[in-house]
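# Inside the fold
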Amino acid sequence: MSRSAGRTAPGRRGLHPGGWWLWAACMAGAASRTTNPILLALIGAVVIFVVSARRTTAPWSRSMGVFLRLGLAVIVLRVVLVIVFGDRALPGHTIFTLPHVPLPSWAEGVSIGGAVTIESIVQAAVTGLQLAVVLVCFGAANSLASPYRLLRCLPAVLYEAGVAITVSLSFAPELVMAIGDIREARRLRGRSVRGLSGLRGMAVPVLERALERSLQLASSMDARGYGRRVPVARRARRWSGGATAAGLLLVVAGVYGVVVAGSLPGGGIPFVAVGAVLVGVGLAAGGRRTDRTRYRPDPWRLQEWLVAASGVVVVGTLVAAGLAGVSGLQFVANPLTAPTLPIVAAVGVLVGLAPAWIAPVERPGTVVVAGDRTPSGRPEVAAPDGAARATTDAVRARPVPGPAPSPRAPAGAGPGTRPVASRPGEPVP
Amino acid sequence: MIRFSDVSFTYDGADRPTLDRVDLSIGEGELCVVVGPTGSGKTTLLRAVNGLVPHFTGGRLSGDVLVDGRSTRDFPPRELADVVGMVGQDPAASFVTDVVEDELAYTMENLGLAPDVMRRRVEDTLDLLGLHELRYRPLGTLSGGQQQRVAIGAVLTASPRVLVLDEPTSALDPAAAEEVLASLTRLVHDLGLTVLLAEHRLERVLPFADSVVLVPGRGSSLVVGPAAEVMVDAPVAPPLVDLGRLCGWAPLPLSVRDARRLAGPLRDRLAEAVPPHAAPAPRGDVQARLEGVTVRYHEVTALDAVDLEVRPGEIVAVMGRNGSGKSTLLSQLAGARAPSAGRVDVGGDAPDRLAPKALVTRVGLVPQDAGILLYGDSVAEECTSADRDTGLAPGTTAAMLERVLPGLPPGRHPRDLSEGQRLALALAVVLAPTPPLLLLDEPTRGLDYPGKARLVHLLGELAADGHAVVMATHDVELVAQVATRAVVLAEGEVVADGPARDVVCHSPVFAPQVAKVLAPGPWLTVAEVRAALEPEAVRG
């Protein structure tokens, strides 16, 4: 998409979502290359710091808290699992011994109970921490750039898949909203809202409501022109779609190779390369067949390069350190020793802090206020009064979206004809 | 611009057609209002304009719908997106993106407009609808009126020739509704846009209407014509039209201005009539009390140190613009959550501490979307499960339903009921345990005038029985008819609290139509005017 709409006022729209997601993916990749708890904690801290420095007040920015709690739950779960199914735990200092539960022969290989050692608990906590940090990285990406904005950047050929994702993305929050509404409705009808009996009987109305909303969304998208297309030869369409899909698969496989050391020849790099080429070809071929244009695409500026680069430096340092055999990257629980901090890797991780200063601050409009969940399902929201009422004059201001220029016609001949477009917008109150 | 020729439409599984041999023609630049009782097929008619009916809903359509020369037979909704802009009942449910600006551009992106055209139209639309300050706001954080305007803007950017709106103002406070309607009239006058809209609150839209399509329902044929003519004997009529009929004014006035010019003699006659007497001051112990209640959500204060006492026999209307804290006030009385500060007391206890079973015998809340309280498969099942839940004698709820709205078919699925019937069922469920305090959130949304009249009658009875009623509403006509006391909230604070008559008469925003026409007289409703005139008619 080389056509671009006017100029994006710097600072207003924040960093390109791709920049944030790349950076977060790199941080997650880095976390997956080490089991040193100090390094992991450092990565987590870096990510949280950047998020708190650069996140906005938009609703999706609150997802960080959810992911933090999820991470904590993962650690706890792993420790509990090790205690319960503790047989192949690491030998070492036994803290206590659970009674061994004999299982029938078909459950061979699984055992319940047995000795629980400090080593095995520590080991479980550390692997849990690793997973938790990866989750936090994902949460960071979510709260720094809304997933929807990332989808907007998808190339045209992937757009339809992207919309399927949009609908499913909206399904999850709808579900959460529906659960809240129905809980409240049950309470008002004198039904129990706690425990199992509260859960039972909620599933159907909740799903019904969420599905209904998704249907409404689908009809609205249809009415607003989603899915209009120019006729294209079916073969060409298959070809571009196939190339893109195959390429993506290769890239995914390659990334797996990069993350899990030694699983693929060449560390997975050749896979990524070949996949990327295929995707590129597929997208180029597919881009021609769509009639869709894009409004104010997010620009990819120096800042985006720098943010992405900082992420690459982090993951690069850890991969290189791993290949060079730097000691201390992997945590050893048996014998139990205090982890040491590999200085080089730690410095590398700290580079990941850079976006906290590089990335522009994003301000989504005026004061964002929280929704009040009423039993009806509509968030009741207080609006800044001026914003709501100050319309009358503006309404009189200009006549508008005027006689339709034919689609794709380059309306207006030059910069002189679009005075409005070049106005950057007033400062945020 | 829009032409229906011999259009019939039957939903799958329905035994009779929703639209029956409809012939209709709406010219360019017309603002046409579709009126009719609930369930008469207004929404179906609107959705047929851009082909959502039948392309999206299924069902059988015969005849032909032509929009700007294109038939919905050959063009599915997406291919009509550049001609017809459709705004549904619930704008929030139609948002595809998550930021105002992107939402405005969405349709244009699908139409494949050049980027500079898109940019210019977005800027123009932001100005046209006064959305400039909201451009980077996440959609989830907008108030109802703002959402409605964004939804309208989002279809306007594609510069359609026809705009179709389903109940564009029913969720809005009076001021926001006027704002949206003013924008619409401007579009009609400046751009020659054709607007087709359905609305129950006719008092709001009729003054702007060029023509009216009356959908009487039950297989009767459509009546189309200039607003003043069609309304003369329409089964649904706003107070102004009722007043006009009462006094035999012709042509029928549709705006307050026209009515005032005709009302001179009426005002003189009424000046000598006995003014309606004020509602008696309520007696009895306080039923519910808020003391310095403050509720905060994140950084927002939804209620700010609110004090309120409600006594038996009172019908308190809580008014105020969208987002002023009305719903929060009701949910506080229903104990949805503990207040951030202050104390809530309902019949001696804090409602948020009560177990659900105990709660329903003290407070009944019917939320804005009454359907959410219902999840049985039939009316009868709903009644028996309500008895079971609250430990009442079998048949109690069914008996209550008989009182609220007699003759509801017991085998009908709640989803297939009309808006008014659903409200009646929800009311019966809530009223069965006879809670002394009844809370209603926006009870007239989607109700037609007959439905509203039944509600008014029922509320009067309940109050006479000693129930205390608190209702949050934007419907000034409802307040005029039934409320004994009005409380106005702004930014979470109580800014006015007093007898309904005084509060609404003295506010240009909340005054009902009759009060505006007869000011400075103290008359609020057509019924009062009729009562005042009649003895005179007998004497004369």
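Residues numbered from 1 in each chain as written. Chains lettered and ligands numbered in written order. Predicted model: local features only at pLDDT ≥ 70, side-chain atom pairs only at ≥ 80, totals over all residues.

Here the focus is the overall build of chain A. Along the backbone of chain A there are 15 helices and four strands. Considering only residue pairs separated by 6 or more positions, chain A has 78% of its internal contacts joining residues 24 or more positions apart. (Helix = DSSP H or I, 4+ residues; strand = E, 2+ residues; numbered from the N terminus. Contact = placed C-beta atoms within 7 Å.)

All names here are of chain A. Put simply, helix H11 (residues 302-324) and helix H12 (residues 343-350) touch, their axes get as near as 7 Å, and they point 165 degrees apart. In terms of their interaxial angle, H11 and H12 are classed as roughly antiparallel. Our pair here, H11 against H12, has a crossing hand that is left-handed. Residues Val313, Val314, Thr317, Leu318 and Ala321 of H11 lie in contact with H12, whose contacting residues are Val344, Ala345, Gly348 and Val349. (Axes fitted to C-alpha atoms, helices over the stretch in contact; angles between N-to-C directions. Parallel < 35°, antiparallel > 145°, perpendicular 65-115°, else oblique. Left-handed = near helix turned anticlockwise from the far one by under 90°.)

Attention now goes to the sheet that holds strand S8 (residues 194-198) of chain B. Residues and elements named next belong to chain B. Strand order in the open sheet formed by six strands is S6-S7-S8-S3-S9-S10, with mixed pairing between adjacent strands. Of all the strands in the sheet, just strand S6 (84-87) and strand S10 (223-226) have a single pairing partner and so form its edges. The average undirected angle you get between the axes of adjacent strands in this sheet is 15 degrees. In this structure, S6 lies alongside strand S7 (residues 162-166), joined through four bridges in parallel fashion. (Pairing = 2+ DSSP bridges.)

Residues and elements named next belong to chain B. What the domain assignment reports for chain B is domain 1 (2-235) and domain 2 (288-512). In this structure, domain 1 and domain 2 have C-alpha centres spaced 31 Å apart. Tallying the contact residues gives 15 residues for domain 1 and 17 residues for domain 2. Counting residues per element, the ones that place at least two in the side of domain 1 that touches domain 2 are helix H5 (144-156) and helix H6 (174-191). (Domains from an automatic or database assignment.)

Turning to the sheet that holds strand S2 (residues 19-26) of chain B, a few remarks are in order. Residues and elements named next belong to chain B. With antiparallel pairing, four strands are arranged side by side in an open sheet as S2-S1-S4-S5. Two strands in the sheet have a free side with no partner beyond their single neighbour: S2 and strand S5 (70-71). For strand S1 (residues 2-10) and S2, the ladder comprises five bridges, and the chain directions are antiparallel. The partner of Arg3 across the bridge, within S2, is Ser25. Against the sheet, helix H1 (residues 42-49) makes contact with S1, S2 and strand S4 (60-67), and its axis sits at roughly 125 degrees relative to S1, the strand it touches most.

Moving on, we get to the nonpolar core. Counting 196 residues, the largest nonpolar core has B:Leu196, B:Leu333 and B:Val504 as its most contacted members. Here this core gets nine residues from one element, more than from any other, and that element is helix H16 (residues 419-431) of chain B. Taken domain by domain, the makeup of this core includes at least three residues from each of domain 1 (2-235) and domain 2 (288-512) of chain B. If you look at the next biggest cluster of nonpolar residues, it comprises 42 residues, including A:Trp23, A:Leu39, A:Ala132 and A:Cys137. (Core = buried A, V, L, I, M, F, W, Y, C linked by C-beta atoms within 7 Å. Buried ≥ 20, exposed ≤ 12 C-beta atoms within 10 Å, placed from the backbone.)

Right, let's get into the pairing of strand S13 (residues 315-319) of chain B. Residue and element names in this part refer to chain B. Buried residues dominate S13, accounting for five of its five residues. Residues Ile315, Ala317 and Met319 point to one face of S13 and Val316 and Val318 to the other, with burial holding for every one of them. Inspection of the sheet shows S13 paired to strand S17 (residues 468-472) by four bridges, in the parallel sense. When the sheet's bridge partners are listed, Val318 is paired in S17 with Ala472. Alignment of S13 against strand S18 (residues 485-490), held across four bridges, turns out to be parallel. Note on S18: the bridge partner recorded for Val318 is Val487.

Now for the pairing of strand S12 (residues 300-310) of chain B. Residues and elements named next belong to chain B. Relative to S12, strand S11 (residues 288-297) runs antiparallel, the two being bridged by seven bridges. Its bridge partner being in S12, Ala288 is matched across the sheet by Val310. Between S11 and the antiparallel strand that follows it, S12, lie two residues; His298 among them carries a positive phi value of about 50 degrees.

Another aspect to go through is helix H3 (residues 63-84) of chain A. Residue and element names in this part refer to chain A. Along its 22 residues, H3 runs 31 Å from first to last C-alpha, staying within 8% of the 32 Å computed at 1.5 Å per residue. Buried within H3 are the following residues: Met64, Phe67, Gly71, Arg78 and Val82. One side of H3 carries all its buried residues, which in axial view fall inside an arc of 60 degrees. More than 90 degrees from the buried face of H3, the exposed residues found are Gly65, Arg69 and Val80. For H3, the elements touching its buried residues are helix H2 (37-54) and helix H4 (118-144). (Expected span 1.5 Å × (residues − 1). Arc of directions from axis to C-beta.)

A separate point is H6(B). All names here are of chain B. When the terminal C-alpha atoms of H6 are compared, their 25 Å separation across 18 residues agrees well with the 26 Å that a helix rising 1.5 Å per residue should span. The set of residues buried in H6 consists of Pro174, Ala176, Ala177, Glu179, Val180, Leu181, Ser183, Leu184 and Leu187. Backbone geometry just downstream of H6 places Gly192 in the positive-phi region, at approximately 70 degrees.

Residue and element names in this part refer to chain A. Considering every residue of chain A, the mean pLDDT works out to 74; 70% of them sit at 70 or more. Here residues 1-11 is modelled with pLDDT under 50, and outside its nearest four sequence neighbours on either side it reaches 24 contacts, counting other chains as well. In this model, residues 365-429 is a region of pLDDT below 50 whose contacts with residues beyond four sequence positions or in other chains number 143 contacts. (pLDDT = per-residue confidence, 0-100.)

Now for the environment of B:Gly284. Residues and elements named next belong to chain B. Assignment of secondary structure puts Gly284 in the loop between helix H11 (264-272) and S11. Residue classification places Gly284 among the exposed residues on the basis of 11 C-beta atoms within 10 Å. As for Gly284 and Gly313, which are separated by 29 residues in sequence, their C-alpha atoms are 8.8 Å apart. If we ignore the near neighbours within four places in the chain, the residues touching Gly284 are Arg311, Pro312 and Gly313.

On to the packing of helix H15 (residues 396-404) of chain B against H16(B), then. Residue and element names in this part refer to chain B. In the contact formed by H15 and H16, the axes pass within 8 Å of each other and the chain directions differ by 135 degrees. One finds that H15 runs oblique with respect to H16. Once H15 is placed against H16, the crossing between them reads as right-handed. Here H15 contributes Thr397, Met400, Leu401 and Val404 to the contact with H16, which in turn contributes Ala424, Leu425, Leu427, Ala428, Val429 and Leu431. In terms of residue class, the contact of H15 with H16 is built from nine nonpolar, one polar and no charged. (Nonpolar A, V, L, I, M, F, W, Y, C, P; charged D, E, K, R; others polar.)

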